[in-house]
Amino acid sequence: MAKYVFVTGGVTSSLGKGIIAASLAKLLQARGLRVTIQKFDPYINVDPGTLNPYEHGECYVTEDGAETDLDLGHYERFLNQFTSQANNVTTGRIYQTVINKEREGAYLGKTVQVIPHITDEIKRRMLLIGQSNKYDIIITELGGTVGDIESLPFIEAVRQLQWEMPEEDCVVVHLTLIPYLKAAKELKTKPTQHSVKLLSQEGVHPDIIVCRTEESLSPEIRKKIALFCNVKPDAVIEAADAPTIYEVPLTMMREKLDLICLKKMNITNYHEPELALWKEFLDKLKYPKSKVTIGLIGKYIELQDAYKSILESFVHAGAMNECKVQVVNVHSEFITEENVSEKLGNLDGLLVAPGFGHRGVEGKIIAVRYARENKLPFFGICLGMQMAVIEYARNVLGWKDAHSTEMDVHTPHPVIDLMEEQKKVTAKGGTMRLGSYPCALKEGSLASQIYAGKPEICERHRHRWEFNNAFLQQFEQAGLIPSGTNPESGLIEIVELSTHTHPFFFGVQYHPELKSTVENPQPIFVHFIKAAKEFADAKNAVKNPLLQSEMI
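Residues numbered from 1 in each chain as written. Predicted model: local features only at pLDDT ≥ 70, side-chain atom pairs only at ≥ 80, totals over all residues. Heavy atoms only, no water.

Quick notes on unusual backbone geometry
Across the junction of I115 and P116, the peptide omega takes the value 15 degrees, indicating a cis bond. Looking at where P116 falls in the secondary structure, it is placed in helix α5 (residues 114-128). Backbone geometry places K256, a non-glycine residue, at a positive phi of 65 degrees. Inspection of the secondary structure puts K256 in the loop between α9 (248-254) and α10 (257-264). With relative accessibility at 48%, the residue K256 sits in the partly exposed group. Here the phi dihedral of K375 falls at roughly 55 degrees; this positive angle occurs in a residue that is not glycine. By secondary structure assignment, the location of K375 is in the loop between α14 (361-373) and β15 (378-381). The class of K375 is partly exposed, set by a relative accessible area of 39%. (Helix = DSSP H or I, 4+ residues; strand = E, 2+ residues; numbered from the N terminus. Buried < 20%, exposed > 50% of the residue type's maximum accessible area, 1.4 Å probe, protein only.)

Written out as structure tokens, the structure is:
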């Protein structure tokens, strides 16, 4: 039977429960155990698919087409294994299930209440993955902060599981903040004490307390936390701020978080952690040999979590190229014909990010044109690829009114159009083309080269609009190559320019960033950064004639 670790948070949000959960899972996996992570979110949305990125960061899509919390991206990037619909559950989904069952008469006329009906459904979902016999340990991260009204049913479900399960089958890890007061020059444990007290009042007693802190915890402070929070001193773990999230597994290993969990769960069949690949990646990340500057053109750039998977893919691809990737955010709404050269002139590469709606679209089109005409390495994802198609239609094919029907329903040249099966859809949530779909690659293309000659790949999608195949012939004749197509529907998945005319001009309809991990960096990002490096080297050689002669 699987054993369960529950990760809760207190004092404040954004402490990094997802990173702690993913780091613990990585260490247990490195010791030979089969581990997965699931996230329970307290909001009433059924999933984050309809949430504005400013509200909740990016919406992460799994292989099976579930729109989920961005923490699932961390789980996949750390564990190098897929998650699914079952790995992310919200209050909305719980209540929807219970209400549907009540309408069907499943409760035999009983009064449906939070306890036991809602908590029973939460518990059922918490234990569901463990029943597959695929995993030794299930780590469950509870969203929100202890004391929040919306978190109460989840905490109550954990209390019941703690009571129902054998003691060694259930471990609770509580993440809190130890603030440092500069004026007093000391760390304060009172917020942590209050947080643990709140959790205990709700009936859940933490086994391990992980303390986020800017300063090291002295033995006296650890002992004080242990005493007032009723845990052993070795169960007080220091989680100091790290330069990168990928260092956290190693800091948690030094703090013996994994060993304490294994001891509490009475697990003995493990070996020393195998982290050679992880350490090699970290070494490349910390000591790069070169640097490139990439422009990220988007409309949610004020919140870094809105493009989390893209930013992490740059980290993976940068390490693979032994190159530091400096990302410069450029708001698409403020790009004009007059300032585009000033805004993009110092870049080594340009990524036009995904998104929805008409806001900032013209700025993206202007940026794509600049990249195409100035041979600046360009990578467009989803809407970014569509902007490349529109730009090509307007400025190469000469259709000045070309557009997407998402922004202009009456355009005479709808080069991007709503997918046929989407035309009758009225509900917004979970109705897009979602999840993993195959894509056949054109032999001899840049796409084929990037994917190491594979004839077919699978990538994840999240979109309603697509390349309009009615205009395919004109684009091909004008030099835009459709190098990836869906083998069943014929939908265009990839467009590119020949490497004879442009060093790297590549647009994809899917979201490649969702499958990039530490151990398997996404190949498009790797090749894009390589192209940006070559562009930067050539630019520097022009500035420095001595360098140029050395290159010759």
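Here we look at the pairing of strand β11 (residues 236-240)
Counting buried residues in β11 gives four out of five residues, a clear majority hidden from the surface. The sheet contact formed by strand β10 (residues 208-213) and β11 spans five bridges and is parallel. Residue pairing for β11: V210 is matched across the bridge by I237. In the classification by handedness, the crossover that spans β10, the intervening helix α8 (residues 219-229) and the parallel β11 is right-handed. (Pairing = 2+ DSSP bridges. Right-handed = clockwise from strand over helix to strand, strands pointing away.)

Here's the deal with the pattern of salt bridges
In this structure the tally under the stated criterion is 34 salt bridges. Where R222 meets E255, a salt bridge forms, and the shortest distance between an N and an O atom there is 3.0 Å. Here E255 lies in the loop between α9 and α10 and R222 lies in helix α8, a separation of 33 residues in the sequence. In this structure, K289 and E322 form a salt bridge, with 3.3 Å as the shortest nitrogen-oxygen distance. With K289 in the loop between α11 (276-286) and β12 (290-298) and E322 in the loop between α12 (308-320) and β13 (323-331), the pair connects residues that are 33 residues apart, well separated along the chain. For E322, a relative accessible area of 26% corresponds to the partly exposed category. (Salt bridge = Lys/Arg side-chain N within 4 Å of Asp/Glu carboxyl O.)

Regarding the packing of α11 against α12
Contact pair α11 / α12: the axes reach a minimum separation of 8 Å and the direction vectors enclose 90 degrees. Between α11 and α12, the angle falls in the class roughly perpendicular. On α12, the residues that touch F281, K284 and L285 of α11 are V315, H316 and A319. Looking at side-chain class alone, the contact of α11 with α12 contains four nonpolar, one polar and one charged residues. (Axes fitted to C-alpha atoms, helices over the stretch in contact; angles between N-to-C directions. Parallel < 35°, antiparallel > 145°, perpendicular 65-115°, else oblique. Contact = heavy atoms within 4.5 Å. Nonpolar A, V, L, I, M, F, W, Y, C, P; charged D, E, K, R; others polar.)

Points about the packing of aromatic side chains
Applying the stated criterion across every chain yields a total of 18 aromatic pairs. For the pair F379 and F525, a centre-to-centre distance of 5.1 Å together with 75 degrees between the ring planes defines the contact as edge-to-face. One end of the pair, F379, is in strand β15; the other, F525, is in helix α18 (residues 523-543), and 146 residues separate them in sequence. Take F379 and F525: they sit in the same class, and that class is buried. Here the aromatic cluster, defined as three or more aromatic residues joined through ring pairs, consists of F314, F379, F504, F506, F525 and F528. Seen from the ring of Y437, R433 lies directly overhead, with NZ or CZ sitting 4.2 Å from the centre. (Phe/Tyr/Trp six-rings, centres within 6.5 Å; stacked < 30°, edge-to-face > 60°. Lys NZ or Arg CZ within 6 Å of the ring centre and 35° of its normal.)

A short note on helix α7 (residues 190-201)
For α7, spanning twelve residues, the distance from its first C-alpha to its last is 16 Å, which sits close to the expected 16 Å at 1.5 Å a residue. Among the residues making up α7, those that are buried are T192, Q193, S195, V196 and L199. For α7, the arc enclosing every buried residue in end-on projection is 165 degrees, short of the 170-degree limit, so these residues lie on one face. Turned more than 90 degrees away from the buried face of α7 sit K197 and Q201, all of them exposed. (Expected span 1.5 Å × (residues − 1). Arc of directions from axis to C-beta.)

Here's the deal with the state of the cysteines
Evaluation of the coordinates by the stated rule reveals zero disulfides. Not engaged in a disulfide, the cysteine C59 finds its nearest cysteine sulfur in C382; these two sulfurs lie 12 Å apart. The class for C382 is buried, based on a relative accessible area of 6%. (Disulfide = S-S within 2.5 Å.)

Examining the pairing of strand β18 (residues 433-441)
Both β18 and strand β19 (residues 456-463) contribute to a ladder of eight bridges, which runs antiparallel. Looking at the pairing, L434 lines up with R462 of β19. Relative to strand β21 (residues 480-485), β18 runs antiparallel, the two sharing two bridges. Among the inter-strand pairings, A440 is bridged to a residue of β21, identified as T485.

Comments concerning the environment of P48
Inspection of the secondary structure puts P48 in the loop between β2 (35-41) and α2 (53-56). In the structure, P48 is positioned 402 residues away from I450 in sequence and 32 Å away in space, judged by C-alpha atoms.

So, the confidence of the model for the chain
Summary statistics for the chain give a mean pLDDT of 91 and a share of 95% for residues scoring 70 or more. Per-element confidence in the chain ranges from a low mean pLDDT of 52 for helix α19 (residues 545-551) to a high of 97 for strand β23 (residues 505-508). (pLDDT = per-residue confidence, 0-100.)

Notes on the packing of α5 against helix α6 (residues 152-164)
Interaxial distance between α5 and α6 falls to 9 Å at its minimum, and their mutual angle equals 70 degrees. It follows from the interaxial angle that α5 and α6 lie roughly perpendicular. Contacts from V114, I115, I118, T119, D120, I122, K123, M126 and L127 in α5 reach P153, F154, E156, A157, V158, Q160, L161 and E164 in α6. Residues that form the contact of α5 with α6 fall into these classes: eleven nonpolar, two polar and four charged.

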